[in-house]
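Examination of the molecular architecture
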Amino acid sequence: MPEPNKHSPEKGPNRARSFGPPLLLLFFLILMVMYVGSGTLLSTPQALTQDQYLWNLYNGNVARQEFKGLPQGTNAIEGALQGSLEVEREEKPRSFEVSFSDVAQNEELFRSIASELRVGQIGLPVLLQAVEDGWYEPRRMRLLSAYQRETPPPAAGAERAKPAGEAAESRARAVARTRQQQALWVEVLARSRGAYESALIQEHGSFDPTRDLKFELPEAPGQFWTRVEISDDADLALALAALQKSGATLEAKTFNITPTEGSRWGDSSSHALDLLILWGPWLIILAVFLFFLRQVRSQGGAGGVMNFGRSRAQVYSKENRTNVTFDDVAGAEEAKSEVRELVEFLKNPGRFTRIGGRIPRGVCLVGPPGCGKTLLAKAIAGEAEVPFFSISGSDFVEMFVGVGASRVRDLFKQARESSPCIIFLDEIDAVGRRRGSGMGGGHDEREQTLNAILVEMDGFGTDEGIIVIAATNRPDVLDPALLRPGRFDRQVVIDLPDVEGRKSILSVHLKKVKHGPDVDVDALSRGTPGYSGADLAAIVNEAAIMAVLDKREQVSMADLDEAREKVIYGRQKRSRKMEEEDRRIVAYHEAGHAVVAAAIPEVDPPSKVTIVPRGRSLGMTTFLPEREQYHMQRRRLLGMLAVGFGGRVAEQEFCGDISAGASDDIRRATDLARTMVTELGMSDAIGPIHYAERQGSDFLGTELMRGKSHSEDTAREIDQEVQRLLSEAYERAVGIV
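As a starting point, this report considers the structure included with it.

**Overview of the pattern of salt bridges**
Where charged atoms of side chains with opposite charge meet at close range, the side chains can pair. Within this structure, the stated rule accounts for 32 salt bridges. We note a salt bridge from Glu341 to Arg490, for which the minimum N-O separation is 2.9 Å. Separated by 149 residues along the polypeptide, Glu341 in helix H11 (residues 333–347) and Arg490 in strand S15 (residues 490–493) bring together distant segments of the chain. Overall, Arg490 belongs to the partly exposed group, its relative accessible area being 24%. Across the pair Lys608 and Glu565 runs a salt bridge, and its minimum N-O distance is 3.0 Å. Here Lys608 is found in strand S16 (residues 606–610), whereas its partner Glu565 is found in helix H20 (residues 557–569), with 43 residues between them in sequence.

**Focus: the sheet that holds strand S7 (residues 178–190)**
Read from one edge of the open sheet, five strands run S5-S8-S7-S6-S9, paired in mixed fashion. Taken across any chain shown, the strands that pair with only one partner, and hence form the sheet edges, are strand S5 (118–123) and strand S9 (249–256). With strand direction ignored, the average angle separating the axes of adjacent strands in the sheet is 25°. Where S7 meets strand S8 (residues 222–229), seven bridges bridge the pair, whose relative direction is antiparallel. Bridge pairing in S8 links Val188 to Phe224. Strands S5, strand S6 (136–149), S7 and S8 of the sheet are contacted by helix H4 (residues 124–132), whose axis makes an angle of about 105° with S5.

**Some words on the environment of Leu250**
Summarising the element assignment, Leu250 is placed in strand S9. On the basis of relative accessibility, which here comes to 38%, the residue Leu250 falls in the partly exposed class. The spacing of Leu250 and Arg140 is 110 residues in sequence and 6.1 Å in space, taken between C-alpha atoms. If sequence neighbours within four positions are ignored, Leu250 has contacts with Met141, Leu143, Leu240 and Gln244.

**Observations concerning a nonpolar patch on the surface**
There is a patch of nonpolar side chains on the surface, built from Leu278, Trp279, Trp282 and Leu283 and spanning about 500 Å² of accessible area. With respect to the element layout, Leu283 can be found in helix H10 (residues 271–297).

**Here we look at the nonpolar core**
Here is a general trend for soluble globular proteins: nonpolar side chains tend to be buried in one another's company. With 29 residues, the main nonpolar core has Leu365, Leu376, Ile380, Ile422 and Ile469 as its most contacted residues. Those elements that provide at least two residues to this core are H11, strand S11 (362–366), helix H13 (373–383), strand S13 (421–426) and strand S14 (466–472). It is H11 that contributes the most residues to this core, six residues altogether. Every residue in contact with Ile422, bar those within four places of it in the chain, is listed here: Leu346, Ile380, Ala384, Val386, Pro387, Phe388, Phe389, Ile467 and Ile469. If you look at the next biggest cluster of nonpolar residues, it comprises 26 residues, including Leu425, Val431, Leu450 and Ala470.

**Remarks on the packing of H4 against helix H9 (residues 233–245)**
Contact pair H4 / H9: the axes reach a minimum separation of 11 Å and the direction vectors enclose 10°. With respect to H9, the axis of H4 lies roughly parallel. For H4 against H9, the interelement crossing comes out left-handed. In contact with Leu124, Leu127 and Leu128 of H4, H9 contributes Asp235, Leu238, Ala239, Ala242 and Leu243. Partitioning the contact of H4 with H9 into residue classes produces seven nonpolar, no polar and one charged.

Thresholds applied
- Every residue gets a number counted from 1 within its own chain, in the order that chain's sequence is written.
- Two thresholds apply to this predicted model, a pLDDT of at least 70 for residue-level local features and 80 or more for giving and counting side-chain atom pairs, whereas whole-chain, interface and lining totals are computed over all residues.
- Side-chain calculation: all heavy atoms of the structure are included, whereas hydrogens and water are not.
- In the sections that follow, a salt bridge refers to a side-chain nitrogen of Lys or Arg positioned within 4 Å of a carboxyl oxygen of Asp or Glu.
- Helix and strand definitions here come from DSSP, where helices need a minimum of 4 consecutive H or I residues and strands a minimum of 2 consecutive E residues; each element is numbered from the N-terminal end.
- Partly exposed residues are those whose accessible area sits between 20% and 50% of the maximum for their type, while under 20% is buried and over 50% is exposed, using a 1.4 Å probe and protein chains only.
- The pairing criterion for strands is at least two bridges between them, as found by DSSP.
- Only the stretch in contact is used when a helix axis is fitted, and all axes are lines through C-alpha atoms; the angle between N-to-C directions ranges over 0 to 180 degrees.
- Whether two residues are in contact is decided by their heavy atoms: any pair within 4.5 Å suffices.
- Each patch is built from residues lacking any salt bridge and having more than 30% relative accessible area; the joining distance is 9 Å for like charges and 5 Å for nonpolar side chains (Val, Leu, Ile, Met, Phe, Trp, Tyr).
- Every accessible area reported is derived by Shrake-Rupley at a probe size of 1.4 Å, with residue values counting cover from the shown protein chains alone.
- Here, nonpolar core refers to any group of buried Ala, Val, Leu, Ile, Met, Phe, Trp, Tyr and Cys residues whose side-chain atoms link them within 4.5 Å.
- Reported orientations rely on four angle classes, namely roughly parallel under 35 degrees, roughly antiparallel over 145, roughly perpendicular from 65 to 115, and oblique for the rest.
- Crossing handedness is defined as follows: a turn of the near helix away from the far one that is anticlockwise and smaller than a right angle gives a left-handed crossing, while the clockwise case is right-handed.
- Throughout this entry, Asp, Glu, Lys and Arg are counted as charged residues, while Ala, Val, Leu, Ile, Met, Phe, Trp, Tyr, Cys and Pro are counted as nonpolar. The remaining residues, Gly among them, count as polar.

Structure, rendered in C-alpha cells:
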C-alpha cells in the first residue's frame, strides 16, 4: 500500500477549526442570561407573612409546600401558590416563602389542611336544598375573614389645595381605609352520584347531568370541603344558622394580610442565595463555553459534536457478526456462487493474483423487492472474516450541499484504514440516479454525493482489497457511469424464485417453527408462484401466529394455506353481514371465472372458489399452475382475457343485470389487451411494432419532452384493435357460460 502523506491536512496539528457555531450559540446564551437577569424568568420567591400564608392555606391556594431549615436554626416553608379567591386558576404557580419561629409543632396541622379535598363552589340555596334532601350532611364550618389596609397616595398638589383641617381628615380616612374578604367553607358528607341518578330516574324517569346535577357528588360516598357563595351579611347569617341547626360546628379565623403588617420571623433570604443568583448565570455560560471548546478540539473523534460530515456506516467484524450465513439464503444459488467468490478472494487473495486475476471492484445486486438482496449482504458480512461496512443510500443525503460527499470520503477513508474490507451500499438508487435529468435539472446534493462515489470507486488500486457491494430494485434509474466496468463490474440479478427455490426457502424458514407431519412443502411451493422470499417468510410467520392463537403446539398445512391467502389477499371478513342477493351475485361472478378457466386448456385450472370477503374483494377465485410458466403465448393471453370476463358474463346471464364488481377485471383485461397490441406485437393489424408510451416518472431519472412515438391515426388503430380483442374475449366467455 502507498505510504500515507505525513503532511496531510487531516493529520496535521494545525488543522483549521471553525469556531463560528459555538460562538453563535454563546451569543444567544448571553442574550438569554440578560433576559433572565432582568427578572422575567428567574424571579425570587414572594416573601409572605404568616397571616398571608395561613389565609392561602385555609383557602386551598397552596399548590406545593416544603418544610426546610434556615442557617439561623429556624424553620421555613417554601412552595407555590395556585389561584386565588378572585381567579380560579392562574397560568402558572407563583413561588413563595414564609418563616416561622418553630414549624415543627404545626407541621402536621399544615400538611393536614393542605391535603384536604376541596371541590369548587356552591350557591347557598343549592347547598341548603342538598342538605334538606339528605344528599349533604354538614360536619364543620370555617368562617375565614381577612382585612388589608390600603393607603393610596394623594394626587399631586391635592393636599396643598386643601385647608389644613380638611387635609388632616382626608389622611385619616386614607389610613383607615381597609379591604375585607370573607370565605365560608363547609365540610360535608356526601352521598354517591349513582344513588342520586337512581333517585331521579325513579322519580322523573330520566337523568340529564347538565340539567339535573346542580351540586358536586362523588362516585362513592365521602367527605370534602366546598366554598359557599355569600353575597352579603344576611346570607352569611342565614347560612350559619341553617348549617348549625343541621349539626355543623363553627370555626372562625381572622387574618391580617397587609404586606407591611402581619406576623414575620427573621429574614428568609441568605447571602449564599444572593451570590448564587448574581454569579450563577455567568458560571453556566463559562461551563458551556468550555464544553463546546473541548468538543471543537476533539471534532476528529467519533463522538464530536462537529462530526456532521462523518460516515454513519455500521461496521461488522469477526467479533461483531450478523449471525447470518450462506446456509440461511436459499433460492438464489447462482447469486450465492458469485458473491461467494468475493469472500473467497478476501480470505485467500493469493489464489487469484497468482495467475494475474483481479476480483471485481464492485458488485451490484439487482432484483425485485423481497428477493433477498439485503439478506445476501448480511450473509456476506457473516461469512467474511474482514470488516464489513454497511450503510444506506439515504444516509448520504442531507439538506446541506456537500455533507453527503463528505460522508462518502470519510467512509472510504475508514475502509482504506481497515483494508481488506467490504462496503455495502443498500438502496443505492437514493444517491445513484442519473445526473441532469428529471424536473429541474437534477439535485445538487445528490449529484455531488454520486460524484464522490464515482471518484472513490474509480481510484481504487487492485492491491487495496476494498470491494463495494450495492443493492437496488431500480437499476433503470442509475447513472450509466456508475454501472460501467471498473466501478460495478458485475450485476448479480436475484429474480423471484422458481418452484425449487421456493421449496428451499420454505424449508429454511420451517426449520425455525414447529410443524406437523401433514405439512407438504412440495404442494405449498407449487401453490405459491410469483411469491418472493419475503412473502414466503411472511407466510410461515403468519401460520405460526395462527397456531399460537388457536392454542396449538404445531403449525398445520391448513395454517399455511390460510396464511398464503392472507399475505396476498388479506384476512377473511367472516363477521361481515351480506344480504342473500349480494351473496348470490358474488357466487355467480366467481363461478363464472372458474367455469371459463376450466373450459380453456391454455390457462391455469381453478384451485379454489370462495365468496367469503377477504381484503377489498367480496369473493375470490384462485388458480394453481400445473408447471412453471416462462413464456406467455398469445393463446394463453387470449384465454386469460376470456377468464377475466367470465364473472361479468355470469352476472348478466343468471342475475339479469350487471354490477360494479367486475371493474377490476375489466381494467386488468384492458391493460393486458393494450400490452399485447403495443408491446408484445400480438396483433396482426398493427404488426410487431413497439408503440408503448414512455414509462416511469419524471422525477426518477427519465427524460422529459418524450411524447408519443406514433400518429393519431395509429393511436386510433391501436384502440380499435384493443377493442376487437376485448370483444372477442367477451363473446368467447359468453359462449362458454
